[in-house]
Structures are given as C-alpha cells and as structure tokens.
Number of protein chains: 2
Amino acid sequence: MHMHDASSHPTRDLAAFAAGLRFEAIPAEVAERAVNLYVDWLGSALAGKGARPVEIIARFARAAGGREGPAEVVIDRGRASSYFAAMMNGAASHFVEQDDVHNGSVLHPATVVFPVVLALAQELGASGADLITAAVAGYEVGIRVGEYMGRSHYKVFHTTGTVGTLAAAAAAGRMLGLDAERMVHAFGSAGTQASGLWEFLRDAADSKQLHTAMAAANGLMAARLAADGFRGAARILEGAQGMAAGMSSDADPARLLDRLGQRWATMETSFKYHAACRHTHPAADALLAVIAEHGLRPADIGRVTARVHQGALDVLGNVVIPRTVHQAKFNMGTVLGIVAHRGYAGVTEFEEDYDATEIAAFRDRVRMELDAEVDRAYPARWIGKVTVETADGRELHGRVDEPKGDPGNTLSREEISAKFIRLAMFPGAAGAAAGSPAVGVDEARAILERAWRIAEQPVVGSVFAAMQTA
Amino acid sequence: MHMHDASSHPTRDLAAFAAGLRFEAIPAEVAERAVNLYVDWLGSALAGKGARPVEIIARFARAAGGREGPAEVVIDRGRASSYFAAMMNGAASHFVEQDDVHNGSVLHPATVVFPVVLALAQELGASGADLITAAVAGYEVGIRVGEYMGRSHYKVFHTTGTVGTLAAAAAAGRMLGLDAERMVHAFGSAGTQASGLWEFLRDAADSKQLHTAMAAANGLMAARLAADGFRGAARILEGAQGMAAGMSSDADPARLLDRLGQRWATMETSFKYHAACRHTHPAADALLAVIAEHGLRPADIGRVTARVHQGALDVLGNVVIPRTVHQAKFNMGTVLGIVAHRGYAGVTEFEEDYDATEIAAFRDRVRMELDAEVDRAYPARWIGKVTVETADGRELHGRVDEPKGDPGNTLSREEISAKFIRLAMFPGAAGAAAGSPAVGVDEARAILERAWRIAEQPVVGSVFAAMQTA
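Residues numbered from 1 in each chain as written. Chains lettered and ligands numbered in written order. Predicted model: local features only at pLDDT ≥ 70, side-chain atom pairs only at ≥ 80, totals over all residues. Heavy atoms only, no water.

**A closer look at the overall build of chain A**
Line of reasoning, step 1. When helices and strands are counted, chain A shows 19 helices and 8 strands.
Line of reasoning, step 2. Relative to the globule expectation of 23 Å for 470 residues, the C-alpha radius of gyration of chain A, 21 Å, shows essentially globular dimensions.
Line of reasoning, step 3. A buried classification covers 68% of the 470 residues belonging to chain A.
Line of reasoning, step 4. Of all intrachain contacts in chain A linking residues separated by at least 6 positions in sequence, the fraction that spans at least 24 positions is 77%.
Line of reasoning, step 5. Carbon and sulfur atoms provide 51% of the accessible area of chain A, an area that totals close to 14300 Å². (Helix = DSSP H or I, 4+ residues; strand = E, 2+ residues; numbered from the N terminus. Rg over C-alpha atoms; globule rule 2.2 N^0.38 Å. Buried < 20%, exposed > 50% of the residue type's maximum accessible area, 1.4 Å probe, protein only. Contact = heavy atoms within 4.5 Å. Areas by Shrake-Rupley, 256 points an atom, 1.4 Å probe, with all protein chains shown as cover.)

Laid out in structure tokens, this is it:
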C-alpha cells in the first residue's frame, strides 16, 4: 500500500488556509481585482439568459424543487435555495465563453466560485467583504489544485468541472465559516464528486454548462454537508486513491501549497476579451497584430497558420465545420475569420457571422501547428504566434506575448464596464426569438454601479439594484 | 487524434437496447429475479434510517428544496421531488452493506437503480411492470459498463458511484420513455458526471453514501435533461476523451454489448448475506465451512489466513483497527471474528460486537494473502479460501466456490423475506437513541407483502401499504 509521510498533509494545509483567510489579510490590490472578477462574472451570468442548455438546466432545477428561497437566479430574477441558485447561475455564466480563466491551471474560476458565494451571501445575509474573502479562498484553492493536477488531467478532463468542485467547496466553506477540520471534510466530499470529460466537444454537446452548474452545486453541497458533520476523505488530493491517483499522471504536489498567502493566484487570472475558447485568443491577438502592423484587409490574407501549444490541439482539434455558435467558439478558423473581418470576436459578432460565407471561406484557409516555444511556455504563458501568407505572396509573422486580458495586459475597469454592458444587453444566445435581454440598458448601468461597490456593502442583498437599495 | 470506426458505436447500441426494452421481452425468470432484487433493496433502504451520513444528506436535501413532491422518501415516509427522493433513498440503501452486488462488474446496482425507478414511477403514475422493465434496463447497462471499465478502474474508483450514474440514467431514461437518440444524450450527461474515489475508506469517511445518493440523483437528472433536449457526448464510454480514456487502463469494449438481450446480467447479481463489504464474504463463508466441517469453537481457532484477490486487498487493506461499525464492515479480521463467534455477520451482530474484546482479539489473528487462483478467477467468480491454524496445532483449509447469495447459491424468497424483516426492523445504525425503526413488525410484513406483488401493480403508488391499497 501507498504510504504517506504523516507530517505532510497538503490537503489539510490548503484547507486551513481557506478556512482561516480574513479580508484584512488580503492585499488591497487582490481584493480590488476580485471585485473586477466579480463584475466581469456577473455580465457573463446575465448573458446566459435564453441559452438553450442553460434554460434546460434551469427548468430541471425549478421542477426538482428550486422554486423559492433566499438566493437569486440571475437569468430570470427568480429565487431559489442557494443550492439551486448556484446550479443555475453556474450553468449561465460559462455559456458565452466570456468568463475569466487562469492560465497556469486552465481553470475558469469565476463560473464556479461566484455562483456559490453570491447565493450563500444572499442566504446568510453576509457582507460584501465576506463574499470577496470567500471568493479569493475559492480562487486560491482552485487554481493551485488545477496546477497540481497537471497537463495530463486536462487532456481528458474539463478542469473547471473537476477541480472547479474544489474551488466551489473552498468558497462555500469560507462563506459558512468552516474550521480547518471541516474544510478538509468539505474538500473530501467535493473531490470525490469531481467530474467532467472533454468528450462532449466532439458533438457540440451541452455538457460544459452541466459541468459548471454541478461543480458549483456539488461544491456548495460538500461544504454544507461538512458544516453538518459529514466526513470526507482527509487526503482527497494526494491520497493513494484520491483525485491525482485517479485522474492525473503528472501531478506535482509542490504546486498545491506554492507560496500560499504570499503568491496571490487570483491576480494571475485573465479576463477574456474575445468570446471564444481561451485557446484561440493568443493566435487571434497575434493575427490582429499582423493586421495592424501591415494594414491588411481580409482579402489580403491567404493562408494562416496558428502556432499553438498541444493543449489547444487537444481541445480545438475536434471540430472542422462548426454547426453551432458554441462550437464555433472552439474553432480556430472561425475565430480568426471573425477577428480578421470584424476586428473583435465578441458575443454579437459570433451570433451574426459564425456561419457567414466569407467566414467559412477564411476558416478553410486556417490551420494549426504545434509550436515548440509556445508549448514549452504553456501553461504559465500563453504566447500567440501566427504566420500569414498574403494574397500577393508575402509571408508575415505576428506575435503577442500576453494576449489582451492576461495579467500583464489586463482590462481596465472601463473596459470591464463596457464588456459588462455588452453582455448584460446581449439578447440571448438563442437569438431574438428567445425574448429580451436579461436587463435594459438603464438597469444594466444600475446593476453595474452597484456591483462595483460589492466590497463595501454591509449586506450583499440583491444584484438587481432596483429591487433593493441597501 | 484518436479516430473512430463510424460503424462501431457501442454507446449507441447500449442506449438503444435500454430505450427499446419491453417488459414482454424480459424472460419470466429475469423479471422474477428483478422483483427479488427490488424487495431486497427496499429492506436496505428502510435500514438506512437513523444512519448519521444518511440523515445529514436528507437534511441537506430537505433544506435545498426537497420538502414536497410526488415521490416517497423511504426513511421518513416524507415526500419530495423525484430528484431528491432518488438522492435520499440512494443514500439510505447502501449504508448497512446489505444491498446486492454484481461480481463481474463489482457494481452494486440496486442502490442506484431502484431509488430512481421508484421515484419516477411514483411521479409518473407508472405501473409495476414499467418499474421492473426500467430496473432491468439499468442493471443490464450498468453491469456491462462496469465490466467494460475493468479492474484498473475499480482500483481507484468506486464503481457504484461512477458507473452507477450510467445505470441510474438508463433506468431513468427507460422510465421517461426516451428514444434511442435521447438515451445516448442521457448517457453522455451521466458519464460526464461519473465520480467516486475510494480514498475515503482510509478515514472511515461518509463518502459511500454520497456516491450512491449522487449517482442516483445525477443519473435521474441526466435522463430528465435529455428528455428536455439537452445534448450529451455521443461516445461517452468509448470516446478518446470519454470515461474509459480518463478512468481506465484496461477497458474492454467487447464487454459493453456482450450478448445483449440474450445474456441477462440481472440474473448474475448476488444478494448479500452478511452485512459487510462483499470482498469479505467468500472468506467468511469459507471459514464457516471449516467451522462446520471440523466442529470448531472460537477458542479452537488460532491464526486465520484469508486467501483473497487483489481487489480485496485494495479495498480492505486500509483499515487495521476499525473505529466505526461502517469501517468494521471493511475489516476482514472483524468480519471473520463475528462470523466465528456468531455464525453470521448481520446488521445486529455488527452493532453489538464490532468492537467487543473477543472480536478484537480474533481480528488481530487474521491476515490476508493474495491467492493466485482466487485472483485469476476474479471478478467473474469470487472464490473463498481460508487457512485456519487451530489452537492445538492443526492446519485446516476451507473453501467455497460460490459464497451464499451468489447466482448459483442464491437466496430463496423466504430467505429474502426474513432478511427484509430483519432490515426493516433494524433500529438504525445510530443505535436506539436515534429513535425507532422505520416501521413496526406488522407494517413491515404488510410492506413486504405489497413489495412482492410490485410487478402486478397497475400503478406503483406508495411502498407503505397502509397509506394506499391500490
């Protein structure tokens, strides 16, 4: 049997950190960034309204018992228990592919952390400072667990589904005030529910929304069970029959506690500028750089080679001709085509153009190639490199070292606000037929203004400013 | 990238079988056995009343929205949505370790299948024949998927948690009348939620109840989502980023469709005679055989060597001194000690004696040893072999080729009835302080009588006969 050094217990150390985190111990710039991430998340959650998979999950949740309670369901302003609100908001906030991502862990923290802390804050009457503290606990834990699980995990598993359950549990556990021992149990119950396979990408299936919905809900459940005395495995991360043993071949225990309390992984989280899979962003920005430098029009561009890391090939390699908007967001050719024609690949650009004739023609001239330098740098750095063959026979090279939204090239509050309004006003992925946006423009601005002040609110209350002015 | 033979699509073939199964196509002996399995399951579900992890899950479910609905919660006779009833009954029915097991797949089908079909039958007003048909679909699918995932999977993953989600989805999908295409989607959404790690065994943690609760609930959710148009991966079992790719190194695709419709895996399911982990039963029965053959008293027995398969060492190897009744059921020494002293290791025997002085002393004289013959035969056959060194210096050998309850040594309806009454009357794993049994003896007999007639009921209705006499 696998033996453990009893003095080494990283799951416990990580749990103790999450349980003991205090708002005062979080550097001001980290708390400020967490507010940015919250606002950015809220826009994505509102934009999920009307999306078919999101609405199906919401109908299921409503029928299963999620019809009333203290927590808000962002897409329809209804209320539910914190469990079902976390499930529905978790489903909603990942749909338009605009929520944040941490490069090194390839985890999307916001969509599993904020649904949980918002729902529990509303249930418990907690303050904004509590919400931000719990969110940072979720980010710091989730990112480190994601890094620990390694590249082998991400080849088959959707880390935001699997590891996201731990991030959600850490955030929920902090909201509930679990002590270190109960936090260990919460991690155990979360990790043993960790799930999410990439297989769905091959079929344009809806599993991504299910993964984020259930990571949030299961993480919240794990913490709630622990608060009531339910016991989980003590070493769910590093044990001989734990997460890494079952789902990773390159787990690196050193990552779990990497500079805990000094290195704030929350700060390393990237905002998504384009509304596509993050693996397409470096190449998209590199293409934009070539276009800007050489003043290219779409017609000037012949063939494009996106030079990428292996993870991009693994995730993006499956779709040749996208059949849905969602699938198009995972198609390098479509993303580069939209970027070349529109200068930006946002939710509206995808809705309007993902299957347009000129985009499809552009798409067919794009290919991906593994690049040794890009692959070595990944996942710590997401370098973008493209080679463009022009219609008149030139070969041009584009490169970005940090795509827009990355920590060294982050979005300003003005840019986040503009993105929020775009998303809040997005009429829904199902198109105009699905009805109106989640909010009108005046209310979107009011919600935004209120969201920016989240950390100062003594009671979090409603996200819809018009409904409550606490 | 991994390529597929487009003409081979076992996930679809298995889904089509589950979707198309009709009661009339099920051989009479299989339907009859399914009724036996249902009655056997119901006893285990009732016996879960009062167990701490079960009650914590039930409190969580009640608070999260499971307070009313059409489906019965067996442990407290309350009602809830089918989702939460499946969750609570799934948690309850695996606790006393008396629910059934299929040897070849090491899957416990009843605890993930019957909570789902009972809840949906009650919600839909379905007939007993529908319930039995859906249950058989769940058994046939779940067992084959478990066999497919192989021994490597079971080394780290609790198959009843992972594969159980597929079994539950197949059963739920059949109850909901999904066509083959939607059943594929249900499998996709179930498989991508498949989870459950053995790590908890090291700590006497409560995860086992969480695994069965969530396998049942998630499988039901997957089918419900599919019924509403939610799409899952088409090849969740065999795809390049599917279940086997992520969680098995010895998956055998031939097992998935093995004689589908001719070989009824439901018939191969074993009833559990002793209330302990199934991996202890072969040795327990072999020890009983030695004791009977040689007329041994406990004091006559010196050292005992249980000759086991590797899977038993993997699962049972972690606990040296059990600290709880539940942990004692995974401790070979304790099980053999109770068998030697009491002649049977049932729920009551464990409650009374798991930490008795003479049992602890016996336990310390038991060791396990890997046996090549036993290991080769496993998991198709669970051979029991023990070597007993007697106090007077003899070395005796005991052997059973099929432990009691196995298909070739199955329980009669009389034995199942006796076991049911024992379980229904069990005062709860938390001891007498936790309150009364789920039912009194007269009501237990009435419930039993009604349960035996399940297949003839035009509407399944309540399991509590006194509440409804349809």
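Continuing now.
**Thoughts on the sheet that holds strand 6 (residues 366-370) of chain B**
All names here are of chain B.
Line of reasoning, step 1. The 4 strands are arranged 6-5-7-8 in an open sheet whose pairing can be described as mixed. Every interior strand has two partners, whereas the edge strands, strand 6 and strand 8 (395-400), have only one. With direction set aside, neighbouring strand axes in the sheet form an average angle of 20°.
Line of reasoning, step 2. As paired strands, strand 7 (residues 384-390) and strand 8 are joined by 6 bridges and run antiparallel to one another. Bridge pairing in strand 8 places Gly 384 opposite Val 400. (Pairing = 2+ DSSP bridges. Axes fitted to C-alpha atoms, helices over the stretch in contact; angles between N-to-C directions.)

**What to know about helix 18 (residues 413-424) of chain B**
All names here are of chain B.
Line of reasoning, step 1. Look at helix 18: 16 Å from first C-alpha to last across 12 residues, which is about the 16 Å you get at 1.5 Å a residue.
Line of reasoning, step 2. For helix 18, the full list of buried residues reads Ile 416, Ser 417, Lys 419, Phe 420, Ile 421, Leu 423 and Ala 424.
Line of reasoning, step 3. Taken together, the buried residues of helix 18 touch helix 2 (28-47), helix 15 (347-353) and helix 19 (441-452). (Expected span 1.5 Å × (residues − 1).)

**Topic: the packing of aromatic side chains**
Line of reasoning, step 1. In this structure the tally under the stated criterion is 25 aromatic pairs over all chains.
Line of reasoning, step 2. Grouping aromatic residues by their ring pairs yields a cluster made of Phe60(A), Tyr83(A), Phe84(A), Phe60(B), Tyr83(B) and Phe84(B).
Line of reasoning, step 3. Lys329(A) extends its terminal NZ or CZ atom over the ring of Phe350(A), reaching a point 5.7 Å from the ring centre. (Phe/Tyr/Trp six-rings, centres within 6.5 Å; stacked < 30°, edge-to-face > 60°. Lys NZ or Arg CZ within 6 Å of the ring centre and 35° of its normal.)

**Section: the side chain of His326(A)**
Residues and elements named next belong to chain A.
Line of reasoning, step 1. By secondary structure assignment, the location of His 326 is in helix 13 (residues 325-328).
Line of reasoning, step 2. Of the polar contacts made by the side chain of His 326, one reaches the side chain of Glu 97; its length is 3.5 Å.
Line of reasoning, step 3. When residues no more than four places from it in sequence are discounted, the contact partners of His 326 are Phe 95, Glu 97, Lys 208 and Gln 209. (Polar contact = N/O pair within 3.5 Å; in protein donor to acceptor, adjacent residues only side chain to side chain.)

**Some thoughts on the relation of the copies chain B and chain A**
Line of reasoning, step 1. Overlaying chain B on chain A yields an RMSD of 0.0 Å, the required transformation being a rotation through 180° with an accompanying axial translation of 0.0 Å. Such values leave the two copies arranged in the relation of a two-fold axis. Minimal C-alpha separation from the rotation axis in chain B is found for Gly65(B), amounting to 2.3 Å.
Line of reasoning, step 2. Comparing interface residues between copies, 100% of those in chain B also sit at the interface in chain A, which points to an isologous, same-surface contact. (Least-squares fit on C-alpha atoms with pLDDT ≥ 70 in both.)

**What to know about the pairing of strand 5 (residues 301-308) of chain A**
All names here are of chain A.
Line of reasoning, step 1. Taken across its 8 residues, strand 5 has 7 buried, putting it largely inside the fold.
Line of reasoning, step 2. Bridge count between strand 5 and strand 6 (residues 366-370): 5 bridges; the pairing is parallel. In the sheet register, Arg 307 faces strand 6, and the bridge partner there is Glu 369.

**A word on the pattern of salt bridges**
Residue and element names in this part refer to chain A.
Line of reasoning, step 1. Across all of its chains, the model carries 72 salt bridges over all chains by this definition.
Line of reasoning, step 2. The partner of Asp 40 in a salt bridge is Lys 419, with the nearest N and O atoms 2.8 Å apart. A residue pair is termed long-range when its members are at least 10 positions apart, and Asp 40 in helix 2 (residues 28-47) and Lys 419 in helix 18 (residues 413-424) qualify at 379 residues. Of the two residues, Asp 40 and Lys 419, both sit in the buried class. (Salt bridge = Lys/Arg side-chain N within 4 Å of Asp/Glu carboxyl O.)

**Details of the interface of chain B and chain A**
Line of reasoning, step 1. On the side of chain A, 62 residues touch chain B, which itself brings 62 residues to the contact.
Line of reasoning, step 2. For the pair chain B and chain A, the summed buried surface comes to about 5100 Å²; carbon and sulfur atoms form 60% of the total.
Line of reasoning, step 3. If you sort the residues of chain B by the area they bury against chain A, Phe60(B), Phe230(B) and Gln241(B) come out on top, with a joint share of 16%.
Line of reasoning, step 4. In this structure, the connection of chain B to chain A is made through 2 salt bridges.
Line of reasoning, step 5. Taken together, the connections running from chain B to chain A amount to 30 residue pairs in polar contact (both at pLDDT 80 or more).
Line of reasoning, step 6. Only helix 3 (52-64), helix 4 (82-92), helix 6 (128-156), helix 8 (180-191), helix 9 (207-227) and helix 10 (243-247) of chain B provide two or more residues apiece to the side of chain B that touches chain A.
Line of reasoning, step 7. When residues in the side of chain B that touches chain A are grouped by element, the largest group, 9 residues, is from helix 9 of chain B.
Line of reasoning, step 8. Partitioned by chemical class, the residues of the side of chain B that touches chain A number 31 nonpolar, 19 polar and 12 charged. (Buried area = accessible area lost by both parts, 1.4 Å probe. Nonpolar A, V, L, I, M, F, W, Y, C, P; charged D, E, K, R; others polar.)

**A short note on the packing of helix 7 (residues 159-175) of chain B against helix 8 of chain B**
All names here are of chain B.
Line of reasoning, step 1. As a packed pair, helix 7 and helix 8 sit with axes 9 Å apart at the nearest point and diverge in direction by 150°. As the angle between them shows, helix 7 and helix 8 are arranged roughly antiparallel. Seen from above, helix 7 lies across helix 8 with right-handed handedness. Residues Thr 165, Leu 166, Ala 169, Ala 170, Gly 173 and Arg 174 of helix 7 lie in contact with helix 8, whose contacting residues are Met 183, Ala 186, Phe 187, Ala 190 and Gly 191.
Line of reasoning, step 2. Tallied by class, the residues present in the contact of helix 7 with helix 8 amount to 7 nonpolar, 3 polar and 1 charged. (Parallel < 35°, antiparallel > 145°, perpendicular 65-115°, else oblique. Left-handed = near helix turned anticlockwise from the far one by under 90°.)

**A short note on the environment of Val96(B)**
All names here are of chain B.
Line of reasoning, step 1. Position of Val 96 among the secondary structure elements: in the loop between helix 4 and strand 3 (101-102).
Line of reasoning, step 2. On the basis of relative accessibility, which here comes to 1%, the residue Val 96 falls in the buried class.
Line of reasoning, step 3. Between the C-alpha atom of Val 96 and that of Glu 415, which follows or precedes it by 319 residues, the distance is 17 Å.
Line of reasoning, step 4. Those residues in contact with Val 96, other than ones at most four positions away along the chain, are Ser 44, Ala 47, Ala 275, Lys 329, Val 347, Leu 423 and Phe 426.

**Notes on the nonpolar core**
Line of reasoning, step 1. Ranked by size, the top nonpolar core spans 343 residues in total, and within it Tyr83(A), Met87(A), Tyr83(B) and Met87(B) carry the most contacts.
Line of reasoning, step 2. With residues near it in sequence (within four places) discarded, Tyr83(B) still touches Phe60(A), Ala64(A), Tyr83(A), Phe84(A), Met87(A), Met214(A), Met214(B), Ala217(B), Leu220(B) and Met221(B). (Core = buried A, V, L, I, M, F, W, Y, C linked by side-chain atoms within 4.5 Å.)

**Things to note about the confidence of the model for chain A**
Residues and elements named next belong to chain A.
Line of reasoning, step 1. Averaged over all residues, the pLDDT of chain A is 93; the fraction at 70 or higher stands at 95%.
Line of reasoning, step 2. Confidence drops under pLDDT 50 across residues 429-434; counting only partners more than four residues distant or on other chains, this segment forms 6 contacts.
Line of reasoning, step 3. Among the prediction metrics, the complex's ipTM stands at 0.91, with pTM recorded as 0.91. (pLDDT = per-residue confidence, 0-100.)

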